[in-house]
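Letter by letter, the chains look like this.
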Amino acid sequence: MQRLLNLSTKGASKNLAAELKALRELGPHAVITTNYDNLLEPIFPEYEVVVGQNVFRQSALVVGELFKIHGSISDPHSVVLTKEDYDAFERDKKYLSAKLLTYFAEHPLLFIGHSASDPNIRSVLYDMSRMFTPTTSLIPNIYILQWDGTQNADSNPAREHVLEVGDGITVRIKSITADSFDWVYKAFGIGGTMEKVNLKALRALAHRMLNLIRTDIPTKNVQVNYEALEHAISNKEAFAKLFGVTNLGDPSAANANHPYTSGMLAKQLGLPHWTATNKLIARVKADTDFDMKSFDNIYHVHIKTGETSGSKTRKYSDTAVALLMKVRDGEPYEVPADVMAVQLLAK
């Protein structure tokens, strides 16, 4: 275990560092590993780590999860190591497969670091094959990536693998063989990166919606106006209001909650001019991808002040003052997940 704890990507070679960078920028929907080590956590810091049997307790699989299905050294009791551990894992595997099949069916699946003959690969493919009727079929969106240092421009590796996965079922999957994974990760990441998506906010919003539907409404902890809900679903602006995404139409309410103009905000922060506050706001966006001035929120509103449509002013709250003070002083700060979620909906 100590050897695994000491594993690190620090000091990686130039080629390996490039591969790790490409893997990070790939932004997969989810990562599933049988490794016990903690090498993936720094690569995907925004992903929620789900260890071992905890996958069964997840109320919903949303996006940005890192599943360590054979356990983790951070929880030694979760590690699948002995024959008894593997026997128990095999008994429960069908529940794990059922939980993860939605990922496999809806997203490309890339196996990395396994041989095509690996029993774990065959087991997953057997579960996948049950979704298809032909005895031998090419399972769409399934790839296996294998390293071969002898590959060059003249190489012609196999593009498919035909595998016997059990019960007389034979499947075909796509195969990629390369001496560097850098270009492979970049190819899979084209048009599908989640680099600008706040995964924590997205998960928080999804889980709140799930709790509302599964718990709050059935147990009558909330009152539901179904007529208003039906109307909101058919109207983009009304639907946004369900999540608190709306412009403030009451100037008096805006003045009460957001009393500071740009100049007054600068004064509250001890800065000479409002342009200096804009630099702090820009720093928040660079650090967290939260664009404070892009929509009305707990920090900022953009309200109409005259008869013409172009007559507007920006107002800021005490919450904005507190946040920007931390930015100004170089202190740690965090934008609440629910605010980040509203930003996603406001785009």
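Cut-offs used in this document
- Residues numbered from 1 in each chain as written.
- Predicted model: local features only at pLDDT ≥ 70, side-chain atom pairs only at ≥ 80, totals over all residues.
- Heavy atoms only, no water.
- Helix = DSSP H or I, 4+ residues; strand = E, 2+ residues; numbered from the N terminus.
- Buried < 20%, exposed > 50% of the residue type's maximum accessible area, 1.4 Å probe, protein only.
- Contact = heavy atoms within 4.5 Å.
- Areas by Shrake-Rupley, 256 points an atom, 1.4 Å probe, with all protein chains shown as cover.
- Salt bridge = Lys/Arg side-chain N within 4 Å of Asp/Glu carboxyl O.
- Pairing = 2+ DSSP bridges.
- Axes fitted to C-alpha atoms, helices over the stretch in contact; angles between N-to-C directions.
- Phe/Tyr/Trp six-rings, centres within 6.5 Å; stacked < 30°, edge-to-face > 60°.
- Core = buried A, V, L, I, M, F, W, Y, C linked by side-chain atoms within 4.5 Å.
- 1 Å grid on protein atoms, 1.4 Å probe; cavity = no way out; pocket = protein on both sides within 12 Å on 5 of 7 lines; lining within 4 Å.
- Points joined across faces, edges and corners; volume = space filled by probe spheres on them.
- Nonpolar A, V, L, I, M, F, W, Y, C, P; charged D, E, K, R; others polar.
- pLDDT = per-residue confidence, 0-100.
- Polar contact = N/O pair within 3.5 Å; in protein donor to acceptor, adjacent residues only side chain to side chain.
- Parallel < 35°, antiparallel > 145°, perpendicular 65-115°, else oblique.
- Left-handed = near helix turned anticlockwise from the far one by under 90°.
- Expected span 1.5 Å × (residues − 1).
- Arc of directions from axis to C-beta.

Concerning the overall build of the protein chain
Okay, step 1: Across its full length, the protein chain carries 14 helices and nine strands.
Okay, step 2: Taken over 347 residues, the protein chain has a buried fraction of 35%.
Okay, step 3: A sequence separation of at least 24 residues applies to 64% of the contacts in the protein chain between residues at least 6 apart.
Okay, step 4: In the structure as shown, the protein chain presents an accessible area of about 20,600 Å², 54% of it carried by carbon and sulfur atoms.

A word on unusual backbone geometry
Okay, step 1: With a phi angle near 70 degrees, Asp289 is a residue other than glycine that sits in the positive phi range.
Okay, step 2: Following the sequence through the fold, Asp289 ends up in the loop between α12 (274–288) and β8 (300–304).

Here's the deal with the pattern of salt bridges
Okay, step 1: Applying the stated criterion across every chain yields a total of seven salt bridges.
Okay, step 2: As a salt-bridge pair, Lys285 and Asp291 come within 3.6 Å of each other at their nearest N and O atoms.
Okay, step 3: Judged by relative accessible area, which is 40%, Lys285 ranks as partly exposed.
Okay, step 4: On the basis of relative accessibility, which here comes to 24%, the residue Asp291 falls in the partly exposed class.

Digging into the sheet that holds strand β3 (residues 65–68)
Okay, step 1: Read from one edge to the other, the open sheet built from three strands follows the order β1-β3-β2, with strand pairing classed as parallel. On the outer flanks of this sheet lie β1 (30–33) and β2 (48–51), each paired with one strand and no other. Between one strand and the next, the sheet's axes are offset by a mean angle of 15 degrees, whatever the strand orientation.
Okay, step 2: Pairing of β1 with β3, which is carried by four bridges, proceeds in the parallel orientation. The residue of β3 that forms the bridge with Ile32 is Phe67.

What to know about the pairing of strand β6 (residues 160–166)
Okay, step 1: Sheet analysis places β6 next to strand β7 (residues 169–178), joined by six bridges and oriented antiparallel. Paired with Gly166 across the bridge in β7 is Ile169.
Okay, step 2: The turn joining β6 and β7, which pair antiparallel and follow one another in sequence, is formed by two residues; a positive phi near 55 degrees is taken by Asp167.

Some details on the packing of aromatic side chains
Okay, step 1: Under the defined criterion, the tally for this structure stands at five aromatic pairs.
Okay, step 2: Between Phe181 and Tyr185 the ring centres are 6.1 Å apart and the planes differ by 75 degrees, which places this aromatic pair in the edge-to-face class.
Okay, step 3: The exposure class assigned to Phe181 is buried, which follows from its relative accessible area of 10%.
Okay, step 4: Relative to Phe295, the ring of Phe290 has its centre 6.2 Å away and its plane inclined at 85 degrees; by these criteria the two rings are edge-to-face.
Okay, step 5: According to the relative accessible area criterion, Phe295 is buried, its value standing at 9%.
Okay, step 6: Members of the aromatic cluster, connected to one another through ring pairs, are Phe290, Phe295 and Tyr299.

What about the nonpolar core?
Okay, step 1: Membership of the largest hydrophobic core comes to 24 residues, with the highest contact counts inside it found for Phe111, Leu125, Ile142 and Val165.
Okay, step 2: If you list the elements that add at least two residues to this core, you get α4 (83–106), β4 (109–112), α5 (119–129), β5 (136–147), β6 and β7.
Okay, step 3: Look past the residues within four positions of Ile142 in its chain and what remains in contact with it is Leu109, Phe111, Leu125, Met128, Ile173 and Lys174.
Okay, step 4: The next biggest cluster of nonpolar side chains, apart from the first, holds 19 residues, and it includes Val284, Phe290, Tyr299 and Tyr316.

Comments concerning the layout of surface pockets
Okay, step 1: What the largest pocket holds in volume is close to 1,500 Å³.
Okay, step 2: Broken down by secondary-structure element, the contributors of at least two residues to the lining of the largest pocket are α2 (14–26), β1, α3 (40–43), α4, β4, α5, β5 and α6 (182–189).
Okay, step 3: If one sorts the elements of the lining of the largest pocket by residue count, α4 sits on top with seven residues.
Okay, step 4: Within the lining of the largest pocket, the residues separate by chemical class into 31 nonpolar, 15 polar and four charged.

A look at the confidence of the model for the protein chain
Okay, step 1: Looking at the protein chain as a whole, the pLDDT averages 77, with 70% of positions reaching at least 70.
Okay, step 2: In the model, residues 245–249 has pLDDT below 50 throughout and makes eleven contacts with residues more than four positions away in sequence or in other chains.

Some remarks on the side chain of Lys68
Okay, step 1: Along the chain, Lys68 falls in strand β3.
Okay, step 2: Given the relative accessible area of 1%, Lys68 is considered buried.
Okay, step 3: Engagement of the side chain of Lys68 in a polar contact is seen with the side chain of Glu41, the distance being 2.9 Å.
Okay, step 4: Not counting chain neighbours up to four residues away, the residues in contact with Lys68 comprise Thr33, Asn35, Tyr36, Asp37, Asn38, Glu41, Val49, Val50, Val51 and Gly52.

Let's talk about the packing of α2 against α6
Geometry of a packed helix pair, given as the angle between the helix axes and the separation of the axes.
Okay, step 1: Contact geometry of α2 with α6 gives a least axis separation of 8 Å together with a crossing angle of 15 degrees. Classed by the angle they form, the pair α2 and α6 counts as roughly parallel. Two packed elements cross with a definite hand, and for α2 against α6 that hand is left-handed. Note on element contacts: α6 touches α2 through Asp182, Tyr185, Lys186, Phe188 and Gly189, opposite Ala18, Glu19, Ala22, Leu23 and Leu26.
Okay, step 2: The residue makeup of the contact of α2 with α6, split by class, is six nonpolar, one polar and three charged.

Describing α12
Okay, step 1: Compared with the 21 Å implied by 1.5 Å per residue over 15 residues, the 21 Å span of α12 between its first and last C-alpha is a close match.
Okay, step 2: Turning to α12, its buried residues number three or more, namely Thr277, Leu280, Ile281 and Val284. An end-on view of α12 places all buried positions within 95 degrees of arc, on one side of the element. Opposite the buried face of α12, by more than 90 degrees, sit the exposed residues Lys279 and Ala286.
Okay, step 3: Residues of α12 that are buried in the fold lie against α11 (262–268), β9 (312–316) and α13 (318–328).

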